[in-house]
Amino acid sequence: MPLMPKRVKYRKQQRGSRRGVAQSGNTLAFGEYGLQSLGRGWLTNTQLEACRVAINRFIKRKGRVWLRVFPDKPVTKKPLETRMGKGKGAVEGWVAVVRPGTMVFEMDGIPEDVAREALRLAAFKLPVRSKFVARPRLAG
């Protein structure tokens, strides 16, 4: 079952703006480690699912993984070799809008080196640059 909303108020949306940096969802909220986006773009439901599978395979389903973004934006496409006009195309898929600073994944319950490698494998599957972040350790 692909990641997509159960129901939407409007079937089709405009492309919108991807300017600026993430104002919210840019800090670790649930886990100890995270994968933070450095670029801007659209993450499709299949890309996010591929990342999730790669992470879970590597950590052998130990610990806990949170997906911090959700593909709730419909993307439309007109059929190939269609003339201009005649309205907007049909919904092709769903994307999550990501800006620099957005936390995409979070993890907890596993050692840092395992988390770092799992998120590195996931980062390869994303179309934006990203970095590994860890919760700051308390000195003492």
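### Regarding the sheet that holds strand S7 (residues 130-134)
With respect to topology, 4 strands assemble into an open sheet ordered S3-S6-S1-S7, the strand pairing being antiparallel. Edge strands, defined here as strands with exactly one partner in the open sheet, are strand S3 (64-67) and S7. When the angles between neighbouring strand axes are averaged without regard to direction, this sheet yields 20°. In the sheet, strand S1 (residues 33-37) pairs with S7 via 5 bridges, with the strands oriented antiparallel. Within S7, the position partnered with Gly-34 by the bridge is Val-133. Sitting on the sheet, helix H1 (residues 45-58) is in contact with S3 and strand S6 (103-108), with an inclination near 20° to S6. Running over the sheet, helix H2 (residues 112-123) touches S1, S6 and S7 and is turned about 30° from S1.

### Some details on the environment of Gly-25
For Gly-25, the location among the structural elements is in the segment before S1. Residue class for Gly-25 comes out partly exposed when judged on its relative accessible area of 28%. Considering only alpha carbons, one finds Gly-25 and Lys-131, 106 residues apart in sequence, at a separation of 15 Å. With residues near it in sequence (within four places) discarded, Gly-25 still touches Arg-68, Gly-101, Thr-102 and Met-103.

### Thoughts on the pattern of salt bridges
Here the structure, examined in full by the defined rule, presents 6 salt bridges. Taking the shortest distance from any N to any O, the salt bridge between Glu-117 and Arg-120 comes out at 2.7 Å. Placement of the pair is Glu-117 and Arg-120 together in helix H2, with a separation of 3 residues, close to one helical turn. Accessibility expressed as a relative area gives 25% for Glu-117, which makes it partly exposed. Among the charged side chains, a network of salt bridges with common partners joins Glu-32, Arg-135 and Arg-137.

### Things to note about H2
For H2, spanning 12 residues, the distance from its first C-alpha to its last is 16 Å, which sits close to the expected 16 Å at 1.5 Å a residue. Structurally, H2 contributes buried residues whose contacts are with S1, H1, S6 and S7.

### Here we look at the packing of H1 against H2
Across the interface, H1 lies against H2 with an axial gap of 8 Å and an inter-helix angle of 150°. Taken together, the axes of H1 and H2 lie roughly antiparallel to each other. At the point where H1 passes H2, the crossing takes the right-handed sense. Side by side, H1 and H2 meet where Cys-51, Ile-55 and Phe-58 of the first sit next to Val-114, Glu-117, Ala-118, Leu-119, Leu-121 and Ala-122 of the second. By residue class, the composition of the contact of H1 with H2 is 8 nonpolar, no polar and 1 charged.

Definitions and limits used
Residues numbered from 1 in each chain as written. Predicted model: local features only at pLDDT ≥ 70, side-chain atom pairs only at ≥ 80, totals over all residues. Heavy atoms only, no water. Pairing = 2+ DSSP bridges. Helix = DSSP H or I, 4+ residues; strand = E, 2+ residues; numbered from the N terminus. Axes fitted to C-alpha atoms, helices over the stretch in contact; angles between N-to-C directions. Contact = heavy atoms within 4.5 Å. Buried < 20%, exposed > 50% of the residue type's maximum accessible area, 1.4 Å probe, protein only. Salt bridge = Lys/Arg side-chain N within 4 Å of Asp/Glu carboxyl O. Expected span 1.5 Å × (residues − 1). Parallel < 35°, antiparallel > 145°, perpendicular 65-115°, else oblique. Left-handed = near helix turned anticlockwise from the far one by under 90°. Nonpolar A, V, L, I, M, F, W, Y, C, P; charged D, E, K, R; others polar.

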